[in-house]
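Each chain, written out:
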Amino acid sequence: MRSTRALTLLLGAVSIYSVSARHVQKPFMDNLGPVMPPAASDPSATTPPDGGSVILCDVLGRDRSINIFAGFTRDIEAISKRLSDGQQNTTVLAPVNSAITNLPRKPWESNEDYNKLGADAYEGKPGEDRAHANLRTFVEEHIVPESPWPEGAKLKTLAGTEVWWEMKDGKKIVQPGNIEVTSTASKVANGQVWIMKGARNYA
Ligand SMILES: *[C@@H]1O[C@H](CO)[C@@H](O)[C@H](O)[C@H]1NC(C)=O
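Residues numbered from 1 in each chain as written. Predicted model: local features only at pLDDT ≥ 70, side-chain atom pairs only at ≥ 80, totals over all residues. Heavy atoms only, no water.

Visitor: How should I be thinking about the packing of aromatic side chains in this particular structure?
Guide: Any pair of aromatic rings gets described here by the distance separating the centres and the angle formed by the planes. Per the stated rule, a full pass over the model turns up five aromatic pairs. A centroid spacing of 6.4 Å and a plane angle of 90 degrees characterise the contact between Phe72 and Trp108, whose relative ring orientation is edge-to-face. With a gap of 36 residues between them, Phe72 in helix α3 (residues 67-75) and Trp108 in the loop between α5 (97-101) and α6 (111-117) connect regions that are remote in the sequence. Summarising the burial analysis for this pair, Phe72 and Trp108 share the class buried. (Phe/Tyr/Trp six-rings, centres within 6.5 Å; stacked < 30°, edge-to-face > 60°. Helix = DSSP H or I, 4+ residues; strand = E, 2+ residues; numbered from the N terminus. Buried < 20%, exposed > 50% of the residue type's maximum accessible area, 1.4 Å probe, protein only.)

Dropping the structure here:
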């Protein structure tokens, strides 16, 4: 029973993480695989696809420091649709890979499920559905449906929780949670990707 569950979770992890692996052309060895350093010079990073205007889905996969989160966004259909829609602006709060691999549980696991259903919470089709729903909520907690996003403006993430940001000692901090933003370099036609040191609202 234990090994079945471990296998299921591992397969889940591999299928989710392989999405991002495909884009970096380097497979994760396992779900705690090595965090890859940002590419020093990625030739694709400066070339817009087919000369058109660049949008969020184009840039999200390019920065290797956030490729786990980028893979998650591609796994959730409603989110990947939004990020490929040039008419809808979004601020993507993307946690760095290490922030995700260091979480006490996988982002698709919840304490509530384990408390209610025990160790088999993610067995079978219902378990798979629960994992997918949890992952969707995790991603939605990191999607702010506006851009530009002025300092101090309290907005709701797609998951429905309130979020805002402020400057503190010269650093951009997302609240609640005091999460430092390390880069806001990716500004494109339908929004911005902010790279964060931590993950949001992970209870
Ligand atoms: C969407 O983002 C673009 C690029 O930052 C900006 O020029 C435009 O005003 C934004 N539109 C809305 C409705 O916020």
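Visitor: For this particular structure, what's the right way to read the site of the ligand?
Guide: With respect to spatial proximity, the complete set of residues near the ligand consists of Asn89, Ser147, Val188 and Ala189. Take Asn89: an N or O atom from its side chain is 2.3 Å from an oxygen atom of the ligand. One of the backbone N or O atoms of Ser147 is found 3.2 Å from an oxygen atom in the ligand. Against a free-state accessible area of 370 Å², the protein chains account for coverage of 34% of the ligand. For the shell around the ligand, a count of residues per class yields two nonpolar, two polar and no charged. (Near = heavy atom within 4 Å. Polar contact = N/O pair within 3.5 Å; in protein donor to acceptor, adjacent residues only side chain to side chain. Areas by Shrake-Rupley, 256 points an atom, 1.4 Å probe, with all protein chains shown as cover. Nonpolar A, V, L, I, M, F, W, Y, C, P; charged D, E, K, R; others polar.)

Visitor: Which parts of the structure should I look at to understand the sheet that holds strand β2 (residues 143-144)?
Guide: Consider a sheet: its strands pair through backbone hydrogen bonds, and that pairing is either parallel or antiparallel. Sheet architecture is open: seven strands sit in the order β2-β1-β7-β6-β5-β4-β3, paired in mixed fashion. Because the sheet does not close on itself, it has two edges, and the strands there are β2 and β3 (155-156). Note that strand β5 (residues 171-175) and strand β6 (residues 179-188) share three bridges and pair antiparallel. Bridge pairing in β6 links Val174 to Ile179. (Pairing = 2+ DSSP bridges.)

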